[in-house]
Amino acid sequence: MSKNAPFFDESPHAGGLAFALIFVAFSAFLLSQLGAETKPSPGSQIFTRPSFWPAVGVIGMVSFGALHLVAQRNSRHGGAKEAFVWLQAFEFLLWFMAYVWIVPLIGYLVATLAFAATLAARVGYRTVRPLACAVVTGFCVVLIFKTFLSVKIPGGAIYDALPGGLRNFMTVNF
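Every chain's residues receive numbers from 1 upward, in the order its sequence appears when written. Note on the predicted model: pLDDT of at least 70 is required for a residue's local features to be given, and 80 or more for side-chain atom pairs to be given and counted; whole-chain, interface and lining totals, by contrast, use all residues. To obtain the side-chain values, all non-hydrogen atoms of the structure were included, while hydrogens and water were left out.

Visitor: Explain the pattern of salt bridges to me, using residue names and the numbers behind them.
Guide: We define a salt bridge as a contact between a side-chain nitrogen of Lys or Arg and a carboxyl oxygen of Asp or Glu at a distance within 4 Å. Going through the model one piece at a time under the given rule, you end up with one salt bridge. Close ionic contact of Arg122 with Glu91 constitutes a salt bridge, the shortest N to O distance being 2.6 Å. With Arg122 in helix H5 (residues 108-122) and Glu91 in helix H4 (residues 90-106), this pair connects stretches of sequence that are 31 residues apart. Segments assigned H or I by DSSP are reported as helices when at least four residues long, segments assigned E as strands when at least two residues long, and all are numbered from the N terminus.

Next up, the structure:
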């Protein structure tokens, strides 16, 4: 592999098989839930029934997704490396879940500042300036949501260790 070669196949069909598999699996799941989520209403015209148009859409998703899957299986373009790149995005889902789990423990302010700096470092920023910008941005987000928009986010358990007046201030504002 040459030094300037791309990490994954840049052809127009690269990753198409992985996308087709995910799409067909998701649309098949939606099809399996159709009966529980939409109820047919007998006695009315078929086009006015609440279950008709969702059924048309989901059956179309399954059908066209399956056709796309067959077409991708027959193509000669590989996409395993690109599919791996797509799956790497799920790492950030795990980061977000950790953030949601830790906010009630250490508080919205501390968690937001810590995660802003950590994620900035994770995506490759290593110098002081971008990390400081991430922390300032996190602080601004906390100010906007908690102070200006008055979004009710529970205070962290760590705030219980603070003296009374400071504990109330931190719980209400940060």
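Visitor: Got a sec to walk through the nonpolar core? Specific residues and values, please.
Guide: Most often, soluble globular proteins have nonpolar side chains that are buried together. Throughout this description, the term nonpolar core refers to a set of buried Ala, Val, Leu, Ile, Met, Phe, Trp, Tyr and Cys residues connected via side-chain atoms within 4.5 Å. Burial here depends on accessible area, computed with a 1.4 Å probe over protein chains only, as a share of the maximum for the residue type. Under 20% is buried, over 50% is exposed, and the range in between is partly exposed. Ranked by size, the top nonpolar core spans eleven residues in total: Tyr99, Val103, Tyr108, Leu109, Ala111, Phe115, Val142, Ile153, Tyr159, Met170 and Phe174. Elements with a contribution of two residues or more to this core: H4 and H5. The biggest single contributor to this core is H5, with four residues. Contacts are assigned to residue pairs that have any heavy atoms within 4.5 Å of one another. Once you skip the residues sitting within four places of it in the chain, Tyr99 turns out to touch Tyr108, Ala111, Thr112 and Phe115.

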